[in-house]
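# Coordinate analysis (summary)
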Amino acid sequence: MNLKNPKLLIISENPVSDFLESINPENLEFVFTYDVCSSLTDGIEKICSTPYDLVLHINNHSFDPDFSSIGEITSTAPEIPLIIVSDLEDQKITSEALRQGAQDCLVHGQFDIRLLNRAIWYAIERKKTERDREVQKAFFQQLFEKSPLAIVIVDNKDKVVAINHGFTQMFQFKQDEIRGLKINDLIVPKYLKEEATSLSADSLQGSIVYADTIRKRKDGWLVDVSVLGSPIKLQNEKLGVYGMYTDITTRKKTERALQKSEEKFRRFVEGSFDIIYEINNHGRITYAAPNIERITGYSSYEILGKPISDFLFEEQFSGKRMRDILKNFLSGKSLVGFESRVMNKSGDISYVEINATPIYEDGKVIGSQGIIRDITRRKATEKLLLTKTMELEAANQELESFSYSVSHDLRAPIRHIAGFITLMKKNLGDDIDKKIMRYINLIAESAKKMGDLIDDLLGFSRMSRAEMTKIEFDPGILIKELIDEMKPECENRNIHWKVSPLIKIYGDPVLMRQVFFNLLSNAIKYTSTRQRAVIEIKNIDSDPDNNIISIKDNGVGFDEKYADKLFGVFQRLHDKDEFEGTGIGLAIVKRIIIRHGGEVRAESKINSGSNFFISLPKKK
């Protein structure tokens, strides 16, 4: 609608020349243009085809006594204001015209052009105001009806005036079911009545109230809601309350889960043996778990804001060292396994291990977080272990000296025995009694066994002290060399060797030579009763982390229930008269393999051969 230069349509069945001639644009507050129609029919067509800001209908009451033309015009274009100019001055006529939708009613001949001008302005303005009010009403009506929130309007007695679709969806009540009933009696659980009554009272007193609470549906199901209550007032009169409910079930569920998680984390932090802490990029403590009091004697509140270096009893942690550590944090580096001493409130010293990682915010390091672990007991154990290790090393050195001393002292009389037996045989000549010769031979044989036993014992003791030089090598080459060396003692034997290509192993070749020598010697020895001995060496591909070599024979075997004794010193599963030996060879094998970080085991059945497995870690 144009208030500056409005365009009018004048409808009059009588000539309007006199009326139009009275319009003097120079005397008007605003200038309007106009079209003229001589019939109502033409006027209706004009209204439908041309936008007008106002219709001026000059009505002859004698031809239109009931003002039916007004109804036709307002029904055709309800948005265009209408002014009636009547030929009669009658209050009833004016009332009827206004009732039919006219904005104003003037009496022909009783107004000047200025009055008409003012009437036009007011008619257009009133129509515009009415349209704005209708648009606003429609807007708020749709906002009320279409809102996803549950909305209820109650009067000042807390009785329901209206609800929207969202309220029906949330609480399952229909408009007709609850209109006129008290809202708090419908959707408030009994145990929350007092709270709800207080909220309603505050709203009616003019306060905007907000609360997270619980309400119930028609079927009794409880719903977590956020409620907002706002007073409805007209001037100073309190008409009621406008209430909005938002379903916060998901949010509350998330909050409860978060609270449960936080509680679980809090219990973990407070119950942990380790101390969780945070410091800012100035080295000051911003958080410390309550159990820090156990080490420092200070509560977590007492140490907040203090430099962490105040509690670390180390010279290297003060001054430049602390600045260097903080600089490392700011560059994104972590602190791992840093050991320090802590002086507690009483002056006692504890040992701690500190681990920390940087804390980032918007891509920048703002501090660090980590754990402090009390290692006082560990340090005491390490100190004790160091002492024991030193004592053990001293004992080993003494034992080694003793072993060499004993071996020398033992070998001397054995050599004397062997020498005197040789002299005795020489002096007695060939006429010696057979029984005496048998005794002499037994003495010589026992002396030899004693010498072998001393040599094996010394070899066994050296295995735990011998230095290892680990390399990667082919054990197949080493085994073939050993087989060639053993040929003389197998000269009158029928032995079938089955040696498969072997994977390279990582170990000390000298020590591993001793392992394979002992295992192959065992296989040769315990297959001596077989007409055809079969000894097989191959890899077992069953472990991705270890190389496993199998040495299998078809010898006499042993009872597997005694396998745990097999690798012990002097442990023999066969009579010494059946198979010679000192019972130390397999113990040496086990000790060497253990030093390599591997394992050795055996499988066997009596008279069904034996299978020895050595397992060595692969090189990484």
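Scroll up for the structure.
Before going into details, it helps to say that this report is about the structure given with it. (Residues numbered from 1 in each chain as written. Predicted model: local features only at pLDDT ≥ 70, side-chain atom pairs only at ≥ 80, totals over all residues. Heavy atoms only, no water.)

### Some points on empty space enclosed by the protein
If you walk through the whole model with that rule in mind, you get three cavities of 30 Å³ or more. A volume near 210 Å³ is recorded for the largest cavity. Around the largest cavity, the lining comprises 19 residues; the ones closest to its centre are N184, S200, V227, V241 and Y245. When contributions to the lining of the largest cavity are tallied by element, the ones reaching two or more residues are β6 (150-155), α8 (183-187), α9 (193-204), β8 (209-216), β9 (222-234) and β10 (237-247). Its boundaries defined by the atoms lining it, the second largest cavity holds a volume of some 110 Å³. In terms of lining, the second largest cavity is formed by 13 residues, of which the most central are I292, T296, I308, F311 and I372. Residue composition of the lining of the second largest cavity, grouped by class: twelve nonpolar, one polar and no charged. (1 Å grid on protein atoms, 1.4 Å probe; cavity = no way out; pocket = protein on both sides within 12 Å on 5 of 7 lines; lining within 4 Å. Points joined across faces, edges and corners; volume = space filled by probe spheres on them. Helix = DSSP H or I, 4+ residues; strand = E, 2+ residues; numbered from the N terminus. Nonpolar A, V, L, I, M, F, W, Y, C, P; charged D, E, K, R; others polar.)

### Some remarks on the sheet that holds strand β1 (residues 7-12)
If you trace the five strands from one edge of the open sheet to the other, you get β2-β1-β3-β4-β5, paired in parallel fashion. Sheet topology places β2 (33-37) and β5 (104-107) at the edges, where each strand pairs with a single neighbour. Each adjacent strand pair in this sheet contributes to an overall mean axis angle of 20°, direction not counted. Where β1 meets β2, five bridges bridge the pair, whose relative direction is parallel. Each residue of the ladder has a partner; that of K7, found in β2, is T33. The strands that helix α2 (residues 40-49) touches are β1, β2 and β3 (54-59); relative to β1, the one it contacts most, it runs at about 160°. (Pairing = 2+ DSSP bridges. Axes fitted to C-alpha atoms, helices over the stretch in contact; angles between N-to-C directions. Contact = heavy atoms within 4.5 Å.)

### Some remarks on the pairing of strand β13 (residues 335-343)
Judged from the seven bridges that link them, β13 and strand β14 (residues 349-361) form a sheet pairing that is antiparallel. By the bridge assignment for β14, L335 is matched with A356. What sits between the antiparallel neighbours β13 and β14 is a turn of five residues, in which G347 has the positive phi angle 95°.

### Some remarks on a nonpolar patch on the surface
Judged by side-chain polarity, F139, F140 and L143 come together as a nonpolar surface patch covering roughly 320 Å² of accessible area. Position of F140 among the secondary structure elements: in helix α5 (residues 113-146). Judged by relative accessible area, F140 falls into the partly exposed class, the value being 46%. (Patch = residues over 30% accessible without salt bridge, like charges linked within 9 Å, V, L, I, M, F, W, Y side chains within 5 Å. Areas by Shrake-Rupley, 256 points an atom, 1.4 Å probe, with all protein chains shown as cover. Salt bridge = Lys/Arg side-chain N within 4 Å of Asp/Glu carboxyl O. Buried < 20%, exposed > 50% of the residue type's maximum accessible area, 1.4 Å probe, protein only.)

### Some remarks on unusual backbone geometry
Even without a glycine there, the phi angle at D158 is positive, about 70°. Assignment of secondary structure puts D158 in the loop between β6 and β7 (160-163). Assessed through its relative accessible area of 14%, D158 is described here as buried. Positive phi, normally seen in glycine, also occurs at Q172, with a value near 70°. Structurally, Q172 is set in the loop between α6 (165-171) and α7 (175-178). Since its relative accessible area comes to 33%, Q172 is described here as partly exposed.

### Considering α2
Where α2 is concerned, the buried positions are L40, G43, I44 and I47. Viewed along the axis of α2, the buried residues span an arc of 100°, placing them on a single side of the element. Counted as exposed and oriented over 90 degrees from the buried face of α2: T41, E45 and S49. Those residues of α2 that are buried are in contact with β1, β2, β3 and α3 (68-76). (Arc of directions from axis to C-beta.)

### Overview of the environment of G476
Tracing the chain through its elements places G476 in helix α16 (residues 475-485). The exposure class assigned to G476 is buried, which follows from its relative accessible area of 9%. Taking C-alpha positions, G476 is 6.5 Å from P501, a pair spaced 25 residues apart along the chain.

### Quick word on the sheet that holds strand β22 (residues 610-617)
With mixed pairing, five strands are arranged side by side in an open sheet as β17-β19-β20-β22-β21. Strand pairing shows two members of the sheet lacking a second neighbour, β17 (495-499) and β21 (599-604), which therefore form its edges. Going across the sheet, the axis of each strand differs from the next one's by a mean of 15°, ignoring polarity. With eight bridges joining them, strand β20 (residues 546-553) and β22 adopt antiparallel strand pairing. Residue pairing for β22: K552 is matched across the bridge by N611.

### Quick word on the pattern of salt bridges
The full count for this structure, using the stated rule, is 21 salt bridges. Between K7 and D35 there is a salt bridge, and its shortest N-O distance comes to 3.9 Å. Pair noted here: K7 is in strand β1 and D35 is in strand β2, with a separation of 28 residues, a long-range link. Residue K7 is classed as partly exposed on the basis of its relative accessible area, which comes to 29%. A residue is classified by how much of its surface remains accessible, and D35, at 22% relative accessible area, is partly exposed. Its salt-bridge partner being E302, residue K345 comes within 3.2 Å of it at the nearest N-O pair. A residue pair is termed long-range when its members are at least 10 positions apart, and K345 in the loop between β13 and β14 and E302 in helix α12 (residues 300-303) qualify at 43 residues. For K345, a relative accessible area of 47% puts it in the partly exposed group. Looking at E302, the relative accessible area reads 35%, which means it is partly exposed.

### Some thoughts on the nonpolar core
Counting residues in hydrophobic clusters, the biggest one holds 37 residues, and the most contacted among them are M512, V515, F516, L519, L520, I537 and I614. Of all the secondary-structure elements, those providing two or more residues to this core are α16, α17 (509-526), β19 (533-540), β20, α18 (585-595), β21 and β22. Looking at which element gives the most residues to this core, the answer is α17, with eight residues. In this structure, F171, I187, A196 and L199 belong to the second largest nonpolar core, which totals 25 residues. (Core = buried A, V, L, I, M, F, W, Y, C linked by side-chain atoms within 4.5 Å.)

### Observations concerning the packing of aromatic side chains
Overall, the coordinates contain four aromatic pairs when judged by the stated rule. Their ring planes at 80° and their centres at 5.1 Å tell us that W121 and Y122 sit as a pair that is edge-to-face. Ring centres of F167 and Y245 lie 6.2 Å apart, and the angle between their planes is 70°; this geometry places the pair in the edge-to-face category. Of this pair, F167 sits in helix α6 while Y245 sits in strand β10, and the two are 78 residues apart along the sequence. Connected via pairs of aromatic rings, a cluster forms that spans F167, F171 and Y245. Note that R601 overlies the ring of F613, its terminal NZ or CZ placed 4.2 Å from the centroid. (Phe/Tyr/Trp six-rings, centres within 6.5 Å; stacked < 30°, edge-to-face > 60°. Lys NZ or Arg CZ within 6 Å of the ring centre and 35° of its normal.)

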